[in-house]
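# Topology and contacts: notes
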Amino acid sequence: QVQLVESGGGLVQPGGSLRLSCAASGSIASIYTMEWHRQAPGKQRELVAIIASDSSTWYANSVKDRFTISRDNAKNTVYLQMNSLKPEDTAVYYCKTRLRRQGVLGQYKYWGQGTQVTVSS
C-alpha cells in the first residue's frame, strides 16, 4: 500500500511563512503529479498547486507569487513554501499524488490526512 504523511502546519501571524511537507511511502514505482489542496471551514476543497513529473507547476491565482511548490523525487516528497500568509489562507491543507504502484497496472490517487494552517494575529 501507499501512505502520504504531511507535516509543517501550525499557527503563524499574517505576513509570516510556513513550509509544508508531504512524504509518500510504500510500494511506489513512480510518481506522476503531486498536488496541494486546501479546505477552509464551510468551504469546498480547492486545488492550490500542482507539480508534474517534469517539475512544471501550476498555481491557483489566490496563491500565485506567494506559494512555491517543489518536489524531491529521491525522497518521494512534495513541499509547499508559503510566504506572505494571509488570514484567508487558513485551512486544512491536503497533499494528493497520482502514481504507479510496484507490480500493479494502472495509476492510483492517494490523499494525505491533512495539516492545519492557521493565519492569525
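All values derive from a computational prediction rather than experimental measurement.

Further remarks concern the pairing of strand 9 (residues 91-101). Burial within strand 9 is extensive, with eight of its 11 residues counted as buried. Both strand 4 (residues 28-39) and strand 9 contribute to a ladder of nine bridges, which runs antiparallel. Residue Arg38 lies in a different strand from strand 9, and its bridge partner there is Tyr93. Once strand 9 ends, the chain turns through six residues before running back antiparallel as strand 10 (residues 108-111), passing Gly103 with a positive phi of about 75 degrees.

Our next topic: the sheet that holds strand 1 (residues 2-7). Sheets are built from strands paired through backbone hydrogen bonds, the pairs being either parallel or antiparallel. Strand order in the open sheet formed by four strands is 1-3-8-7, and the pairing between neighbours is antiparallel. Looking at which strands have only one partner, the edges of the open sheet turn out to be strand 1 and strand 7 (67-72). Averaged over all pairs of adjacent strands, the angle between their axes in this sheet comes to 15 degrees, without regard to strand direction. The pairing of strand 3 (residues 18-26) with strand 8 (residues 77-82) spans six bridges and is classified as antiparallel. Bridging from a neighbouring strand, Ala23 pairs with Thr77 of strand 8.

A few words now on the pairing of strand 8. Counting buried positions over the six residues of strand 8 gives five, a clear majority of the element. As paired strands, strand 7 and strand 8 are joined by six bridges and run antiparallel to one another. Each residue of the ladder has a partner; that of Phe67, found in strand 8, is Met82.

Within the structure shown, the criterion is met by one disulfide. Paired through a disulfide, Cys22 and Cys95 show a sulfur-sulfur distance of 1.9 Å. Judged by the sign of its S-S torsion, about 45 degrees, the cystine formed by Cys22 and Cys95 is right-handed. Pair noted here: Cys22 is in strand 3 and Cys95 is in strand 9, with a separation of 73 residues, a long-range link.

Nonpolar side chains in soluble globular proteins generally cluster together in the buried interior. Grouped together as the largest cluster of nonpolar side chains are 31 residues, with contacts concentrated most on Trp36, Phe67, Ile69, Val78, Leu80, Met82 and Tyr93. Secondary-structure elements contributing two or more residues to this core are strand 1, strand 3, strand 4, strand 5 (46-51), strand 7, strand 8, strand 9 and strand 11 (115-119).

Conventions adopted
Residues numbered from 1 in each chain as written. Predicted model: local features only at pLDDT ≥ 70, side-chain atom pairs only at ≥ 80, totals over all residues. Heavy atoms only, no water. Buried < 20%, exposed > 50% of the residue type's maximum accessible area, 1.4 Å probe, protein only. Helix = DSSP H or I, 4+ residues; strand = E, 2+ residues; numbered from the N terminus. Pairing = 2+ DSSP bridges. Axes fitted to C-alpha atoms, helices over the stretch in contact; angles between N-to-C directions. Disulfide = S-S within 2.5 Å. Core = buried A, V, L, I, M, F, W, Y, C linked by side-chain atoms within 4.5 Å.

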